[in-house]
Amino acid sequence: MKALRSAGVILIIGAILFAVGSFSPSIGVFWESDEASKLQLLQEGRSLWQITHLLWIVGALVTVVGLGLVTYHLRRTRVSLLAFLGFIAVALGAVVGVWHLYLRAADATAFVQGGLPDWHYGVYTVLTLLGLAIYGFVYLRAGLPRWLGYVSIGGAALAFIGFVALQMVWPPLSYYVLTFLAGVVLVRLEE
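Because the structure is a prediction, the values reported are computed rather than measured.

Asks: So what exactly am I meant to see when it comes to the nonpolar core here?
Replies: The nonpolar side chains of a soluble globular protein tend to be buried with one another. Counting residues in each nonpolar core, the largest one holds 41 residues, and the members touching the most others are V70 and Y175. Within the residue set of this core, elements represented by two or more residues are α1 (2-22), α3 (46-73), α4 (80-106), α6 (119-141), α7 (146-165) and α8 (173-187). Broken down by element, this core gets its largest block of residues, nine residues, from α6. Counting six residues, the second largest nonpolar core, distinct from the first, contains V29, L39, A108 and V112.

Asks: In this structure, what is going on with the packing of aromatic side chains? I would like to understand it.
Replies: The relation between two aromatic rings is expressed through the spacing of the ring centres and the mutual angle of the planes. Applying the stated criterion across every chain yields a total of ten aromatic pairs. Between Y124 and Y175 the ring centres are 5.9 Å apart and the planes differ by 55°, which places this aromatic pair in the tilted class. Remark: Y175 occurs in helix α8 and Y124 occurs in helix α6; sequence separation between them is 51 residues. Under the relative-accessibility criterion, Y124 is labelled buried at 7%. For the ring pair Y135 and Y139, a centre distance of 6.1 Å and an interplane angle of 35° mean the geometry is tilted. Remark: Y139 and Y135 occur in helix α6; sequence separation between them is four residues, near one turn of the helix.

Asks: How should the packing of α7 against α8 be read in this particular structure?
Replies: Think of two packed helices as two axes; the pair is described by the angle between the axes and how far apart they sit. Running from amino to carboxyl end, α7 crosses α8 at an angle of 175°, the nearest separation of the two axes being 10 Å. As the angle between them shows, α7 and α8 are arranged roughly antiparallel. Listed contacts from α8 to W147, L148, V151, S152, G155, A156 and A159 of α7 are S174, Y175, L178, L181, A182 and V185. When its residues are assigned to classes, the contact of α7 with α8 shows ten nonpolar, three polar and no charged.

Asks: Is there a simple way to explain the packing of α1 against α8 in this structure?
Replies: Close contact between α1 and α8 brings their axes to 7 Å; oriented N to C, the two are set at 150°. Considered as vectors, α1 and α8 are oriented roughly antiparallel to each other. Crossing hand, α1 versus α8: left-handed. Across the interface between the two elements, L4, R5, G8, V9, L11, I12, A15, I16, F18, A19 and S22 of α1 pack against L173, Y176, T179, F180, A182, G183, V184, L186 and V187 of α8. Class assignment for the residues of the contact of α1 with α8 results in 15 nonpolar, four polar and one charged.

Asks: Explanation requested: the environment of F23 in the structure shown.
Replies: Structurally, F23 can be placed in the loop between α1 and α2 (35-44). By relative accessible area, which is 67% here, F23 ends up exposed. Each C-alpha atom, one on F23 and one on G93, is 22 Å from the other, the two residues being 70 residues apart in sequence.

Asks: Sorry, what's going on with a nonpolar patch on the surface here?
Replies: Together, L81, F84, L85, I88 and L92 give the surface a local cluster of nonpolar side chains, amounting to about 460 Å² of exposed area. Counting through the fold element by element, L92 comes out in helix α4. Judged by its relative accessible area of 46%, L92 falls in the partly exposed class.

Asks: Sorry, what's going on with the side chain of S26 here?
Replies: Positionally, S26 belongs in the loop between α1 and α2. The class for S26 is buried, based on a relative accessible area of 6%. Only 2.8 Å separates the side chain of S26 from the side chain of T52, close enough to count as a polar contact. For S26, the residues in contact, after removing those within four places along its chain, are L41, L48, W49 and T52.

Calculation rules
- Residues numbered from 1 in each chain as written.
- Predicted model: local features only at pLDDT ≥ 70, side-chain atom pairs only at ≥ 80, totals over all residues.
- Heavy atoms only, no water.
- Core = buried A, V, L, I, M, F, W, Y, C linked by side-chain atoms within 4.5 Å.
- Buried < 20%, exposed > 50% of the residue type's maximum accessible area, 1.4 Å probe, protein only.
- Helix = DSSP H or I, 4+ residues; strand = E, 2+ residues; numbered from the N terminus.
- Phe/Tyr/Trp six-rings, centres within 6.5 Å; stacked < 30°, edge-to-face > 60°.
- Axes fitted to C-alpha atoms, helices over the stretch in contact; angles between N-to-C directions.
- Parallel < 35°, antiparallel > 145°, perpendicular 65-115°, else oblique.
- Contact = heavy atoms within 4.5 Å.
- Nonpolar A, V, L, I, M, F, W, Y, C, P; charged D, E, K, R; others polar.
- Left-handed = near helix turned anticlockwise from the far one by under 90°.
- Patch = residues over 30% accessible without salt bridge, like charges linked within 9 Å, V, L, I, M, F, W, Y side chains within 5 Å.
- Areas by Shrake-Rupley, 256 points an atom, 1.4 Å probe, with all protein chains shown as cover.
- Salt bridge = Lys/Arg side-chain N within 4 Å of Asp/Glu carboxyl O.
- Polar contact = N/O pair within 3.5 Å; in protein donor to acceptor, adjacent residues only side chain to side chain.

See the structure below:
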């Protein structure tokens, strides 16, 4: 169980890093209605915009490491293949998501003007939510608290519905709420 506790700590750290970025003042750009206001906000807070993206990138990557440790710990159990599939989905999603965040941080003007590909965020979201739902089934079958499995599956499904209903405008922080909860549960496991 010690290995799962370590994975839990890493999941909590990843979620907190992502959350700190998500509450940065620079995300106000997403609520601005016109291009000129967005560009002005980003020009005035260019460094903060880049720091926010760095926090998101590091948070996402740290979370992948945490889920990798969960998967590694479960490698000799009956859920090893399922955990591996969940890990692959989340890891591939993170690669695409990190690339998307890098492009946005590197060229904020192209982001505001719609010059960056939209598909990056869509692929990141679908793969991440698929992976988190798979981990929900892993939690159910690995003997972890059942509510964690159901919350992971349900939370991923609700986030996907929101993502589709709002036409790809959905806060990814909701994904990291799920990994934060998993981290807390893992840290609190009995010996």
